[in-house]
Amino acid sequence: MDLKPSGVVLKDDIHAGVSLSTKDVDTGAQFIDKSTSALDPDEAMRIRRKIDRHIMPLMCALYWIQFMDKTTLGYSAILGIQQATHLTTNEYNWLGTVFYLGYLLFEYPQNLALQRFPVGKWMSINIFVWAVVLACHAVCRNFVGLVVVRLLLGVCEGSITAGFLIVSSMFYTRTEQTLRVGYWFLMNGTAQIISGFISFGTLHIGTKGFEPWQWLMIITGILTLILAVSFGLLFPDSPTNAWFLTPDERAKAVQRIKENQTGVENKHFKTEQMIEALTDPKTWLFALFSALDNVPNSLTNQGSLIIASFGFTDLQTTLLSCVPGVIEILTIFTSVQLATRRPNSRAYVGVMYFIPAWLGMLLVNLLPWSDQAGLLVCQYLVGVSVPGFVLSLSWLNNVTAGHTKRVVTNAIMLSAYCIGNASGPFMWKAQYKPRYHVPWAVIGACYIICPIILLVIRAVLARENRIRDIEPLDDSEEEYVIERITEDGRRVEIKVDKEFLDLTDRQNRDFRYVL
């Protein structure tokens, strides 16, 4: 029987028969009847594993490709791009910044598009365009050409993290999201390792008239193009229409995430939810954390140059640049495991990983320049701070309800991420060589402020939970009913839970913030 949504009716003793438009409710409301029996835990586990098998490999592969493509500039510096395109130090730094300017300028439009259009299809289009743009790096011969392609690369890649946060909230419970976000984010570390080996291999290519850095761009562009096609064919837009789930499994997949109280999605932009996002203090606390935590991320492009300045050869540098990838994998994996196994510990776990990073920053400034091994290890320690940002991404997703509000908060968080990344490269001025004391001091300041912000966020959310806990219970007997039209034209009413009315975390007083 084909059921089509018609409208929603709110029934209670005071407002009997008040009708609401279907645009006000979540798409998952069409799949869940309030009278549906509880989902068997074993069945829920089976469906989760099926979802994992079909979407996690694609998400991990794409995030690996995304980060590898983004960091090709850093490896190209060792492979000769600066000499071939006659870049000054300042121009090279601008190429790192302009990527995030494109990301920043189009982050809000990208998020609006992710709400308006099918998520999987929109991301696939962006992947295809950026694959072509990446390959075009190889034909650039000057600074202007590289600025154009780096800008376009940032525009396209701005859809990925935002899209993945939306997808994670559609398919997984809040506890599962922390692990899944960690799993696809740690592919950044895998990308650093593989990029290092690809760069090492391209150094041995002796093609006349086509330099190693150009081969790096072509190889990564082809890999991205292959993934774009695979993503377009295989990645679902939502659990409500996932091709690999049966109709019954789709309903159960939606029922499985009912505990999130965030629903699946709503394709209609709600101005009131946007205003709420802009006036919610936690939105700006997360944004401030995101901006400051990503200023040190300029080490992504500077890392290889700094390692080379310690006295290592180009071949040694390409291999040693793989080590931060290993560190990132280990730290993200352990942090999300800790945060999942110890309830309400996200802030504490994030703070813990800043301690060795700050120690590394301090020692890289204090050790003698002749201590090559010590300086290298200290630079590696700085990368231990990565889990703070990973946990903040899933945490923001967990504590924000209302689809439009979630889209806006994600856009603000990722825009702040761009601001931090765009400003970071300007620290690495030629006048600060070789010790770079000023940039390291800025990084140290960020690593002091960021843990404090995480603890403040936790305190704010804990306080809000306490306020809600002492509020009187709402004993009103409200019923929310969605009308469906069958193939023969009959109207049938199905009861819908409040969790699927696309309420924000402020509107839904039963919502509790995870810590």
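Provided above is the structure to which this section pertains.
Residues numbered from 1 in each chain as written. Predicted model: local features only at pLDDT ≥ 70, side-chain atom pairs only at ≥ 80, totals over all residues. Heavy atoms only, no water.

S.K.: Residues and numbers for the pattern of salt bridges, please.
M.R.: Overall, the coordinates contain 20 salt bridges when judged by the stated rule. One salt bridge in this structure joins K252 and D248, with 3.1 Å as the shortest N-O distance. One end of the pair is K252 and the other is D248, both in helix 10 (residues 247-256) and 4 residues apart, which spans about a single turn. Residues R509 and E471 are paired through a salt bridge, measuring 2.6 Å at the closest nitrogen-oxygen approach. (Salt bridge = Lys/Arg side-chain N within 4 Å of Asp/Glu carboxyl O. Helix = DSSP H or I, 4+ residues; strand = E, 2+ residues; numbered from the N terminus.)

S.K.: Break down unusual backbone geometry for me, with residues and values.
M.R.: Cis rather than trans, the peptide bond between K433 and P434 has omega equal to -5°. The topology assignment puts P434 in the loop between helix 19 (403-423) and helix 20 (437-469). Not every positive phi belongs to a glycine, and H86 is a case in point at roughly 60°. By secondary structure assignment, the location of H86 is in the loop between helix 3 (81-84) and helix 4 (89-116). With a phi angle near 55°, N344 is a residue other than glycine that sits in the positive phi range. By the secondary structure assignment, N344 is in the loop between helix 15 (323-341) and helix 16 (346-366). For N344, a relative accessible area of 33% puts it in the partly exposed group. (Buried < 20%, exposed > 50% of the residue type's maximum accessible area, 1.4 Å probe, protein only.)

S.K.: Can you lay out the packing of aromatic side chains for me, pointing to particular residues and giving the numbers?
M.R.: Evaluation of the coordinates by the stated rule reveals 24 aromatic pairs. Ring geometry for Y183 versus F333: centroids 6.3 Å apart, planes at 20°, classification stacked. Within this pair, whereas Y183 is found in helix 7 (residues 174-185), its partner F333 is found in helix 15, the two being separated by 150 residues in sequence. Judged by relative accessible area, Y183 falls into the partly exposed class, the value being 25%. With 6.4 Å between their ring centres and 90° between their planes, F289 and F354 make a pair best called edge-to-face. In this pair, F289 sits in helix 12 (residues 281-293) while F354 sits in helix 16, placing the two residues 65 residues apart along the sequence. The exposure class assigned to F354 is buried, which follows from its relative accessible area of 2%. (Phe/Tyr/Trp six-rings, centres within 6.5 Å; stacked < 30°, edge-to-face > 60°.)

S.K.: How would you sum up the packing of helix 12 against helix 19? Please name residues and give values.
M.R.: Angle between the axes and distance between the axes: these two values describe a pair of packed helices. Close contact between helix 12 and helix 19 brings their axes to 7 Å; oriented N to C, the two are set at 25°. Our classification of the angle between helix 12 and helix 19 gives roughly parallel. As for the relative orientation of helix 12 and helix 19, their crossing is right-handed in sense. On helix 19, the residues that touch K282, T283, W284, F286, A287, S290 and A291 of helix 12 are K405, T409, I412, M413, A416, Y417 and G420. A per-class count over the contact of helix 12 with helix 19 returns 8 nonpolar, 4 polar and 2 charged. (Axes fitted to C-alpha atoms, helices over the stretch in contact; angles between N-to-C directions. Parallel < 35°, antiparallel > 145°, perpendicular 65-115°, else oblique. Left-handed = near helix turned anticlockwise from the far one by under 90°. Contact = heavy atoms within 4.5 Å. Nonpolar A, V, L, I, M, F, W, Y, C, P; charged D, E, K, R; others polar.)

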